[in-house]
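Residue-level structure breakdown
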There are 2 protein chains.
Amino acid sequence: MAVTIKEVALRAQVSRSAVSRTFTDGASVSTKMRKKVIKAANELGYAPNILARSLTTRRTKLIGLVSNNFDNPFFLKVFDLFTSGLQDVGLRPLLVNLTSETDPAQAAHMLRQYSVDGVIVASSELPAIFSKAFKEVNIPIIESFGMISEDTSDMHCVSIDNKQCGRMAARLLIKKGYTNIGFMGGPENVSVSRGRFEGFKEVLKSHPEIQASYSYAESHTFAAGRKEMLRLLKSPTAQAYYCGDDVISIGAISAIQSTGLSVPEDIGIMGLDDIEIAGWENINLTTIHQPIQQIISSTIELMEAILEEPDRYPENRLFPCYVVERGTLKNQ
Amino acid sequence: MAVTIKEVALRAQVSRSAVSRTFTDGASVSTKMRKKVIKAANELGYAPNILARSLTTRRTKLIGLVSNNFDNPFFLKVFDLFTSGLQDVGLRPLLVNLTSETDPAQAAHMLRQYSVDGVIVASSELPAIFSKAFKEVNIPIIESFGMISEDTSDMHCVSIDNKQCGRMAARLLIKKGYTNIGFMGGPENVSVSRGRFEGFKEVLKSHPEIQASYSYAESHTFAAGRKEMLRLLKSPTAQAYYCGDDVISIGAISAIQSTGLSVPEDIGIMGLDDIEIAGWENINLTTIHQPIQQIISSTIELMEAILEEPDRYPENRLFPCYVVERGTLKNQ
DNA sequence: TAAATTTTTGCAACCGGTTGCAAAAATATT
DNA sequence: AATATTTTTGCAACCGGTTGCAAAAATTTA
């Protein structure tokens, strides 16, 4: 059984309040008192119970880290940086895995039961209904890596500039000399896909000489990318594709190779994310780099700010990306 | 502000105990009472505060999920299955990311402050000192995916049978007709590497005609696999290598290809884990499959059992693996 | 040195729940 | 209908902390 404040108080011959105060910064305790208490606490191996404390302070330092992207290597990095980043500022991530069956209200309910101080939604394709549900139970929430859209204007978002990515991709393909290019996005109904699509199309408006086609993979997975590319390969294809993300890209490459064609000789491919795998020589994918560390640091800073000031005016923080050229596009 | 038991009691015109009892299964409440309370609770949107409850019940349903493998895609799947599996039985994962700088005592301390009911260490290469530290603060702990060794005989472990894997690998390589084979493990000082090494060597004892060599990658990463293979390539190599895991294998393949050689024509490679990526056509790695779902289900079941019976006698649960033949070994 | 001011301390109430116990209510037995 | 038994209920104490308030102690000022 863990040692409690009462036992420390007893051993140090002081009141429980005194013990409490020594472990609360900013509280008024004399040096002698503090010394006595610390001594007793160390001898007993005491540490204040944060959960009991939270009852009065109303702060658990628990942050719900919510995602449904547990199959995309990009998000492993996201979890890595979020967990260590949160730990560094004294917050603790309570991981929530939302599957398609999860009831949004249920999930929100659960997070409230655990009195999380805030929620970070780290997902590229979570239905807006989830954020709504969290919002309703009045938990501070930040959306990271997705979901910037008209109906989230009252939410805090930290994300990449998807439109800019779309533009950058189209410009790169055109610069490379491709005259017939394709957009093969992630799921059509998710906001990140829409943003990238808009940016892509925008550039094409001023390039009437370029032919373009559009399609979507069912999800941000290897299998979906492969499947969609196999479908495209049944008809004449574009010369190069900008894919929804890196795993979709790798799936597409696999499909292309399986039909005897090669990348980039026959068809060019570019992705988005710049996951570690994209840099592996066996993959060597040209892609757009997301400044993942910056996004996460910014999200955590914003969370700390919101915890201080819950009614903070919502803001969208957008981070620009940049192209990383590797070997899956060639000059025409 | 969340609605509390007091408000529900007031609205339902009953005592707080009555409300508490309706939300505690097994407690004695009449049907009428329960109905009244449920009605009030629903109208108010009440849910019991688990953290407050934990003060008296001594159960938070929080489970520390501890790992330092945040860079291996295999562990993304591990986190996926653990989080959803724990959720399914009403437990909540508190994710802890241990980096090399983390102080074991500090980490244990933190988990105790949050009164986690138990800890699952999901890691293939965590120094034993960590489990020791957790053990010392008296938190039930299970080691999953690693660390079975002499000094953990007083711990619960759920893992694959590493020795069997080593044997299986050696046998496969021999069966394929290779006569000069290599073991290129993960870090030498971690128990999983040792187990696999032992199994591998054991088979070779009864095959004096086979030449074998041994080396180790620095970590379970692409970069380490690549580096170690580049080193090996400076001298005459074996005909095929059994690598520490899949990412090491893929790094090794990359190294081999970068010197103009090819896999499996010039050098054969096999891994262990069977991560999703291994099945991607562009990788197509022959490997040993870990029954990850079974290990995780078993770990969770064991955790539930331990929570019921804290002094349960420690056990090691070992799961056999099986070979998945793909394209990185050929018949000699 | 006495009075005024500031700092430190403990008391007691509270945070949001649970639970042993005894009284009250409902049900069963005679 | 009276009594015995069982079930339901509320009281009050407790879980491990924090905190407003007033008294006590220490320090400053006159």
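On a predicted model such as this, the values are computed, not experimentally measured, just so you know. (Residues numbered from 1 in each chain as written. Chains lettered and ligands numbered in written order. Predicted model: local features only at pLDDT ≥ 70, side-chain atom pairs only at ≥ 80, totals over all residues. Heavy atoms only, no water.)

With that settled, the discussion passes to the overall build of chain A. Regarding its fold elements, chain A presents 13 helices and twelve strands. Relative to the compact-globule value of 20 Å for 332 residues, chain A shows a C-alpha radius of gyration of 25 Å, a clear excess of over 25%. Across the 332 residues of chain A, 57% fall into the buried class. Here the analysis covers contacts within chain A between residues at least 6 apart in sequence; of these, 72% occur between residues at least 24 apart. When the accessible area of chain A is evaluated, it comes to approximately 14,100 Å², of which 49% is carbon and sulfur surface. Charged side chains in chain A number 35 positive and 37 negative. The centres of these two groups are separated by 9 Å. (Helix = DSSP H or I, 4+ residues; strand = E, 2+ residues; numbered from the N terminus. Rg over C-alpha atoms; globule rule 2.2 N^0.38 Å. Buried < 20%, exposed > 50% of the residue type's maximum accessible area, 1.4 Å probe, protein only. Contact = heavy atoms within 4.5 Å. Areas by Shrake-Rupley, 256 points an atom, 1.4 Å probe, with all protein chains shown as cover. Lys, Arg positive; Asp, Glu negative; His and termini not counted. Charge placed at Lys NZ, Arg CZ, Asp CG, Glu CD.)

Moving on, we come to the protein's contact with DNA strand D. As a matter of local geometry, DNA strand D sits amid 29 residues, with Ile5(A), Ser20(A), Arg53(A), Arg21(B) and Arg58(B) nearest to it. Within the contact set of DNA strand D, a base oxygen lies 2.7 Å away from a side-chain nitrogen or oxygen of Arg21(B). Contact distances for DNA strand D include 2.7 Å between a phosphate oxygen and a side-chain N or O atom of Ser30(B). The element best represented in the surface near DNA strand D is helix α4 (residues 50-57) of chain A, accounting for five residues. Of the residues that constitute the surface near DNA strand D, the class distribution is eleven nonpolar, twelve polar and six charged. (Near = heavy atom within 4 Å. Polar contact = N/O pair within 3.5 Å; in protein donor to acceptor, adjacent residues only side chain to side chain. Nonpolar A, V, L, I, M, F, W, Y, C, P; charged D, E, K, R; others polar.)

Before going further, it helps to examine the protein's contact with DNA strand C. Around DNA strand C, the surrounding shell holds 28 residues, and the nearest of these are Arg21(A), Arg58(A), Ile5(B), Ser20(B) and Arg53(B). By atom count, sugar and phosphate contribute 60% of the portion of DNA strand C lying within 4 Å of the protein. Note that a phosphate oxygen of DNA strand C is positioned 3.2 Å from one of the backbone N or O atoms of Asn49(B). Taken together, the residues of the surface near DNA strand C break down into eleven nonpolar, twelve polar and five charged.

A few words now on the interface of chain A and chain B. In this assembly, 50 residues from chain A lie in contact with 50 residues from chain B. Of the roughly 4,800 Å² buried between chain A and chain B on both sides combined, carbon and sulfur atoms contribute 63%. If you sort the residues of chain A by the area they bury against chain B, Leu76(A), Tyr114(A) and Trp280(A) come out on top, with a joint share of 15%. The interface formed by chain A and chain B includes two salt bridges. The salt bridge partner of Glu281(B) is Arg226(A), with a shortest N-O separation of 3.1 Å. Viewed at the interface, chain B and chain A are joined by 22 residue pairs in polar contact (both at pLDDT 80 or more). The set of elements that each furnish at least two residues to the side of chain A that touches chain B consists of α4, α5 (73-88), β2 (92-97), α6 (104-113), α10 (222-232), α11 (246-258) and α12 (276-279) of chain A. Here the element with the most residues in the side of chain A that touches chain B is α5(A); it accounts for seven residues. For the side of chain A that touches chain B, the residue count by class is 27 nonpolar, 14 polar and nine charged. (Buried area = accessible area lost by both parts, 1.4 Å probe. Salt bridge = Lys/Arg side-chain N within 4 Å of Asp/Glu carboxyl O.)

All names here are of chain A. Read from one edge to the other, the open sheet built from four strands follows the order β7-β6-β8-β9, with strand pairing classed as parallel. Bordering the open sheet on either side are β7 (211-216) and β9 (268-270), each of which pairs with just one other strand. Neighbour to neighbour, the strand axes of the sheet diverge by 20° on average, direction disregarded. Pairing analysis gives four bridges linking strand β6 (residues 180-185) to strand β8 (residues 240-243), with the strands arranged parallel. Looking across to β8, one finds that Gly-182 is bridged to Tyr-241. (Pairing = 2+ DSSP bridges. Axes fitted to C-alpha atoms, helices over the stretch in contact; angles between N-to-C directions.)

All names here are of chain B. Scanning the model with the defined rule gives 26 salt bridges over all chains in all. As a salt-bridge pair, Glu-308 and Arg-59 come within 3.5 Å of each other at their nearest N and O atoms. Placement of the pair is Glu-308 in helix α13 (residues 292-308) and Arg-59 in the loop between α4 (50-57) and β1 (62-67), with a sequence separation of 249 residues. Owing to a relative accessible area of 63%, Glu-308 belongs among the exposed residues under this scheme.

So, on to the sheet that holds strand β8 (residues 240-243) of chain B. All names here are of chain B. A sheet is described by the order of its strands in space; here four strands give the open sequence β7-β6-β8-β9, paired in parallel fashion. Sheet topology places β7 (211-216) and β9 (268-270) at the edges, where each strand pairs with a single neighbour. For this sheet, the mean angle separating the axes of adjacent strands, direction not counted, is 20°. Sheet topology note: the β8/β9 ladder contains three bridges and is parallel.

The next point concerns the packing of aromatic side chains. Residue and element names in this part refer to chain A. Evaluation of the coordinates by the stated rule reveals 32 aromatic pairs over all chains. Relative to Phe-79, the ring of Phe-75 lies with its centre 6.3 Å away and its plane at 50°, an arrangement referred to as tilted. Of this pair, Phe-75 and Phe-79 both sit in helix α5, four residues apart, which is roughly one turn of that helix. Ring geometry for Phe-200 versus Tyr-214: centroids 6.2 Å apart, planes at 85°, classification edge-to-face. Highlighted residues: Phe-200 in helix α9 (residues 191-205) and Tyr-214 in strand β7, separated in sequence by 14 residues. Owing to a relative accessible area of 0%, Phe-200 belongs among the buried residues under this scheme. In this structure an aromatic cluster arises from ring pairing among Phe-183, Phe-197, Phe-200, Tyr-214, Tyr-216 and Tyr-242. (Phe/Tyr/Trp six-rings, centres within 6.5 Å; stacked < 30°, edge-to-face > 60°.)

By a frequent convention, interface size equals the accessible area lost on bringing the separate parts together. Residue and element names in this part refer to chain A. Along its sequence, chain A is carved into domain 1 (5-48), domain 2 (62-161 + 292-321) and domain 3 (162-290). Counting residues at the interface gives 19 residues for domain 2, matched by 23 residues for domain 3. Here domain 2 packs against domain 3, burying approximately 1,500 Å² in sum over the two surfaces, 53% of which is carbon and sulfur. Viewed at the interface, domain 3 and domain 2 are joined by zero salt bridges. Where domain 2 packs against domain 3, one counts seven residue pairs in polar contact (both at pLDDT 80 or more). For the side of domain 2 that touches domain 3, the elements supplying multiple residues, two or more each, are α5, β5 (156-160) and α13 (292-308). In the side of domain 2 that touches domain 3, the residues fall into ten nonpolar, five polar and four charged. (Domains from an automatic or database assignment.)

Looking now at the relation of the copies chain A and chain B. Once turned by 180° and shifted 0.0 Å along the axis, chain A lies on chain B with an RMSD of 0.1 Å. Such a combination of rotation and displacement between the chain copies is what one expects of a two-fold axis. The rotation axis passes nearest to the C-alpha of Leu94(A) in chain A, at a distance of 2.3 Å. A share of 100% of interface residues in chain A that are also interface residues in chain B marks the association as one of identical surfaces. (Least-squares fit on C-alpha atoms with pLDDT ≥ 70 in both.)

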